[in-house]
Amino acid sequence: MPLLEMRNIVKEFPGVRALDGVSFTLENGEFHALVGENGAGKSTLMKVLSGVYPEGSFDGEIFVDNVPQSFRNVRDSEAAGVAIIYQELSLVKELTVGENIFLGREPSRFGVIDSAKLYHRSATLLRELHLDIDPRTTVGSLGIGRQQLVEIAKALSQDAKILVLDEPTAALTESEVETLFDILTKLKARGVGLIYISHKLDEVFRMSDRITVLRDGKTIGTHLAKDLTRDEVIAEMVGRDVGDIFPKPEHELGIPALEIKNLTVFSVDRPDKRIVDDVSFSVRRGEVLGIAGLMGSGRTELMTAIFGAWQGKYSRIIIIDGKERTISSPLDAIDSGIAFVTEDRKRYGLILEQTIADNMTLAGLKPISGRFLTDRSREMAAVREPMRSLNIKAGTPMVITGTLSGGNQQKVVLGKWLLTKPKVLFLDEPTRGIDVGAKQEIYAEIDKLAAEGLAIVLVSSELPEVLGLSDRVLVLYRGRIAAEFTRENATAEKVMTAATGGN
Amino acid sequence: MVETEKTRFTTSSLRAYIMIAVLAGIWLYFHWATNSIFLTPRNLSNLATQMSVTGILAVGMLMLIVSGNIDLSVGSVLGFAGGIAAYSMSIHGYGLPAAIVFAVSVGILIGTFQGALTAYLNIPAFIVTLGGLLAWRGAVKWLLGGNTVPVADETFKAIGQRNIPVEAGWILAALGIAFALFTAYRRARSEAAYGDGKVNYVLLLLNVAIPIVGIVAFIWVMNGYQGVPIPVLIFVSVALIGVFLTTSTVFGRYLYAIGGNPDAARLSGINNKRNILKVYALLGAFTGIAALIFTARVGSAAPDAGTLKELDAIAACVIGGASLMGGRGTVFGACIGALIMASLDNGMSLLKKARSSSLQSGSI
């Protein structure tokens, strides 16, 4: 008897059928991954399950423990034991862990909160989960990973039987991911059904019992994870056989476009701490240089300091096309021909409430539009070409960026930097949190840009990406170059060993 | 795909239409409630004069708010700059040009100073300008010794009290129409050169027709009662500068970017600090201009001149759709906001007069 059964769910929006007869089952103690490209209908299906879309706004049936359910709102679904943990956490940062866990359900007497009981029950709960978190610490002082665990504790305090996790590891470090998986394994053992939405297929294969693939609002297939290969899942997700998702680069390497000598970057908070320590390297025209390294190895800081955007102290010599350049601000860097596709597009890359055109022209506004006066028509004309070549899916350049999918947003950031006509392109986590189809398009674009003679420096936490795209790989460990590999002799094992301090 | 594509065109014009509809509603109601006094040239001329000081402040404030900052000190700075102007003329015998230079320079200096504290020393704008609110109020009280300083200079008073001749109004109207045609021509030419070949003639025609109708109606109404008041002329000029800066310059675009996402703006090569400094200085200059009008209208500088004006200016921006978080708002919206507030003020006092006179006639 399945714990949850969703039968023939059809959900329509004006003009689109977002879910087209989706069926989904979840057993007690099962880890069931839900995968699909952005827009495939995963989030819509979960909103139907959680009562965000109430009974009546969709067709189909939902059963929990074989009892038909009609959720009118989120409260109803919670009462039936459904809990969803969203990508954006919904905790109050200023309150303590315990207060967050019991938010809205505080144990109280005559309106006075019984703090002792609240913290006692929180502590018990956290102990059951083997979480070493003091319920009296404020949530804001915890890292993102631990906040996520608090959110899970909160869900369990409401006796959740069905736990949905939407891209839970996007912001987590590797050790935090391990802790999360430990806890999920324990929950499985307790009979909790887990629905896991993720783009990270490694995690999906490692943890799942079954995998369901959605595409264009339809269930493409539900399989036992052990019967399936990664390529088969990708093929089902994108609806075509992708073969190797990485292009096969054969780049013509030219003269060195960028040379960096003696780059040292100091911490903002502790000015004597070196985050990057005396690093020198060069990139040639047409070359993709991958930089691998664990979180905190100094990858992002290295790029930020070269770009002149690091807020702390730094020192380095920069030579571009054989000429030494002084770069003390992002503007200098742009003028020298460096473009920097920053990590975390929502925070550092985009102005979400503005249009595609506004965002794409921002970095190169003066050359594109005019020195002092702006000219909309010229901007539109400038934006049209990269929108087409990057395949940004939007009706017009006047569409607000915040309404685009992650993949399209990422392409807007890339387009913004290509419009500055760079010689050197820095890419920091260029495919974080976007679907496989968009990833593949960005990979192809990187390859094409290198073929056109651009020098590219690529930083990514996804090792296959670094190995698949780079002509050469540098490995950073504690701010120093620990190893260098050519494309031929770089393997995941060797890079990982160097990145963790081995040799 | 279930994403709803919102374009800026749909959201921002909808907001503008709603504001204009609200304004029209308020006007019609007052016209009805005041027995057809409200919508007469005489009252509209008054209304326009009443809103000009707040309007000028609101234009500068809007640009500052868009960049994600705020200035709570404009009321006090207005008092101080007006005090300096009156003091220099009445006590030291300087002429009108010097007084104008003093008032505007004081505004710019104070704006630059407070802007530097905020932008370069990273002190929150709220704290800096709250300090300014107290400090400059203190300064004007010290300067005037707690007294009201009258200004005798008739040319100075004209800034706040006189109107331009009817003929001059029509000449301005002609210039305005020529300018509207020129901008439309420039836009059409640029559209033809860089557009995708689909020229929207209806939109183009509306882009020409609406401003022209607006200009003619405005001058016609103002000429219906003594001609365009000088403060209104100054306000309209400032507003046009504001519209131009925010919609057609790199500086204006950068303000929206800085307010929308300071990190993204900085990493895109924008010098956030320098732009924020500039907008503080600009608001300072506008405050100086507003101070001249305010002082000239009253005919004297008082220690409490301009008190609470900062709230009027901020409220006008917010009513006009600006977000205090930055990144959103239009000069046009802020002007409509100022006009809505002035309309309520004006309409209410008309109602009060009508009520008390009817009471009087009733008791007789």
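So, how was this worked out
Residues numbered from 1 in each chain as written. Chains lettered and ligands numbered in written order. Predicted model: local features only at pLDDT ≥ 70, side-chain atom pairs only at ≥ 80, totals over all residues. Helix = DSSP H or I, 4+ residues; strand = E, 2+ residues; numbered from the N terminus. Rg over C-alpha atoms; globule rule 2.2 N^0.38 Å. Buried ≥ 20, exposed ≤ 12 C-beta atoms within 10 Å, placed from the backbone. Contact = placed C-beta atoms within 7 Å. Nonpolar A, V, L, I, M, F, W, Y, C, P; charged D, E, K, R; others polar. Domains from an automatic or database assignment. Pairing = 2+ DSSP bridges. Axes fitted to C-alpha atoms, helices over the stretch in contact; angles between N-to-C directions. Left-handed = near helix turned anticlockwise from the far one by under 90°. Right-handed = clockwise from strand over helix to strand, strands pointing away. Core = buried A, V, L, I, M, F, W, Y, C linked by C-beta atoms within 7 Å. Parallel < 35°, antiparallel > 145°, perpendicular 65-115°, else oblique. pLDDT = per-residue confidence, 0-100.

1. Here's the deal with the overall build of chain B
Then comes step 1: Check the secondary structure of chain B and you find 14 helices and 2 strands.
Then comes step 2: The globule rule puts the C-alpha radius of gyration for 364 residues at 21 Å, and the 22 Å found for chain B is close to it.
Then comes step 3: Seen through its principal axes, chain B has C-alpha atoms that stretch 70 × 55 × 40 Å.
Then comes step 4: Scored against the burial criterion, the 364 residues of chain B give a buried share of 46%.
Then comes step 5: Taking as baseline every contact in chain B between residues at least 6 positions apart, the subset at least 24 positions apart corresponds to 81%.

2. Some thoughts on the interface of chain A and chain B
Then comes step 1: Contacts between the two partners involve 43 residues from chain A and, on the opposite side, 32 residues from chain B.
Then comes step 2: Counting only elements with at least two residues in the side of chain A that touches chain B, the list comes to strand E2 (16-26), helix H10 (330-336), helix H11 (345-349), helix H13 (365-369) and helix H14 (376-389) of chain A.
Then comes step 3: A per-element tally of the side of chain A that touches chain B places H14 of chain A first, with 5 residues.
Then comes step 4: Of the residues that constitute the side of chain A that touches chain B, the class distribution is 23 nonpolar, 14 polar and 6 charged.

3. Some words on the domain arrangement of chain B
All names here are of chain B.
Then comes step 1: Annotation of chain B at the domain level lists domain 1 (40-162 + 250-352) and domain 2 (163-228).
Then comes step 2: When each unit is reduced to the centre of its C-alpha atoms, the spacing between domain 1 and domain 2 is 28 Å.
Then comes step 3: Counting residues at the interface gives 5 residues for domain 1, matched by 6 residues for domain 2.

4. Quick word on the sheet that holds strand E19 (residues 424-428) of chain A
Within a sheet, adjacent strands bond to each other through the backbone by hydrogen bonds, running parallel or antiparallel.
All names here are of chain A.
Then comes step 1: The sheet built from 6 strands is open, its strands ordered E18-E19-E20-E15-E21-E22 with mixed pairing. Looking at the sheet topology across the chains shown, the edges are occupied by strand E18 (338-341) and strand E22 (480-486). This sheet shows a mean twist of 20° between the axes of neighbouring strands, independent of strand direction.
Then comes step 2: With 4 bridges connecting them, strand E15 (residues 288-292) and strand E21 (residues 472-477) associate as parallel partners. Bridged to Ile291 within E21 is Leu474.
Then comes step 3: Its contacts with the sheet place helix H9 (residues 299-306) against E15, E18, E19, strand E20 (455-459) and E21, and it is angled at close to 145° to E20.

5. A closer look at the packing of helix H4 (residues 96-119) of chain B against helix H5 (residues 125-144) of chain B
Residue and element names in this part refer to chain B.
Then comes step 1: Between H4 and H5, whose axes approach to 9 Å, the crossing angle comes to 145°. The hand of the H4/H5 crossing is right-handed. Taken together, the residues of H5 that come into contact with H4 (itself represented by Ile110, Gln114, Leu117 and Thr118) are Ala125, Val128, Thr129, Gly132 and Trp136.
Then comes step 2: Looking at side-chain class alone, the contact of H4 with H5 contains 5 nonpolar, 4 polar and no charged residues.

6. Here we look at the pairing of E20 of chain A
Residues and elements named next belong to chain A.
Then comes step 1: Where burial is concerned, most of E20 is hidden: 5 out of the 5 residues are buried.
Then comes step 2: By the alternation rule, side chains of E20 split into Ala455, Val457 and Val459 and Ile456 and Leu458, which are all buried.
Then comes step 3: As paired elements, E15 and E20 share 4 bridges and run parallel to each other. Counted as the bridge partner of Leu289 is Val457 from E20.
Then comes step 4: A crossover links E19 with its parallel partner E20, the connecting element being helix H16 (residues 436-451), and its sense is right-handed.

7. A word on the nonpolar core
Then comes step 1: Membership of the largest hydrophobic core comes to 178 residues, with the highest contact counts inside it found for Phe426 and Ile456 of chain A together with Ala58, Met61 and Leu62 of chain B.
Then comes step 2: With 16 residues, helix H12 (residues 272-298) of chain B is the single largest residue contributor to this core.
Then comes step 3: Among the nonpolar cores identified, the runner-up in size contains 56 residues, and Leu156, Val164, Leu180 and Val436 of chain A belong to it.

8. Quick notes on the environment of His199 of chain A
Residues and elements named next belong to chain A.
Then comes step 1: Within the secondary structure layout, His199 lies in the loop between strand E10 (193-197) and helix H7 (201-207).
Then comes step 2: Taking the number of C-beta atoms within 10 Å as the measure of exposure, His199 has 23 and is therefore buried.
Then comes step 3: In this structure, the C-alpha to C-alpha distance between His199 and Glu167, residues 32 residues apart in sequence, is 7.3 Å.
Then comes step 4: Non-local contacts of His199, meaning those with residues more than four positions away in its chain, are made with Glu167, Gly433 and Asp435.

9. Re the domain arrangement of chain A
Then comes step 1: Looking at the assigned domains, one finds that chain A contains domain 1 (4-238), domain 2 (247-337 + 424-438 + 454-503) and domain 3 (345-421).
Then comes step 2: Between domain 1 of chain A and domain 3 of chain A, the C-alpha centre-to-centre distance is 35 Å.

10. With respect to the sheet that holds strand E13 (residues 256-266) of chain A
All names here are of chain A.
Then comes step 1: The 4 strands lie next to each other as E14-E13-E16-E17, forming an open sheet whose pairing is antiparallel. With partners counted over all chains shown, the strands left at the sheet margins are strand E14 (274-284) and strand E17 (323-325), one partner each. The sheet shows a mean angle of 15° between the axes of neighbouring strands, taken without regard to direction.
Then comes step 2: In this sheet, E17 lies alongside strand E16 (residues 314-320) in antiparallel orientation, the contact comprising 3 bridges.

11. Examining the packing of helix H9 (residues 230-248) of chain B against H12 of chain B
When two helices pack together, their arrangement is given by the angle between the helix axes and the distance between those axes.
Residue and element names in this part refer to chain B.
Then comes step 1: At a closest axis distance of 11 Å, the pairing of H9 and H12 adopts a crossing angle of 170°. The angle between the axes of H9 and H12 places the two elements in the roughly antiparallel class. Where H9 approaches H12, its residues Pro231, Ile234 and Val238 are matched on the opposing element by Phe286, Ile289, Ile293 and Arg297.
Then comes step 2: Tallied by class, residues from the contact of H9 with H12 come to 6 nonpolar, no polar and 1 charged.

12. Remarks on the environment of Pro464 of chain A
Residue and element names in this part refer to chain A.
Then comes step 1: Summarising the element assignment, Pro464 is placed in helix H17 (residues 463-469).
Then comes step 2: On the basis of neighbour counts, which here come to 13 C-beta atoms within 10 Å, the residue Pro464 falls in the partly exposed class.
Then comes step 3: Measuring from C-alpha to C-alpha, the distance between Pro464 and Thr491 comes to 9.3 Å, with 27 residues separating the pair along the chain.

13. Some thoughts on the pairing of strand E4 (residues 59-64) of chain A
All names here are of chain A.
Then comes step 1: The sheet contact formed by strand E1 (residues 4-13) and E4 spans 5 bridges and is antiparallel. The residue bridging Arg7 from the neighbouring strand is Glu61, located in E4.
Then comes step 2: Sheet analysis places E4 next to strand E5 (residues 67-69), joined by 3 bridges and oriented antiparallel. Paired with Ile62 across the two strands is Gln69, which belongs to E5.
Then comes step 3: The hairpin turn running from E4 into E5, its antiparallel successor, is 2 residues long, and Asp65 in that turn takes a positive phi close to 50°.

14. Section: the confidence of the model for chain B
Then comes step 1: Of the residues in chain B, 93% reach a pLDDT of 70 or more, and the chain-wide mean stands at 91.
Then comes step 2: Among the prediction metrics, the complex's ipTM stands at 0.86, with pTM recorded as 0.79.

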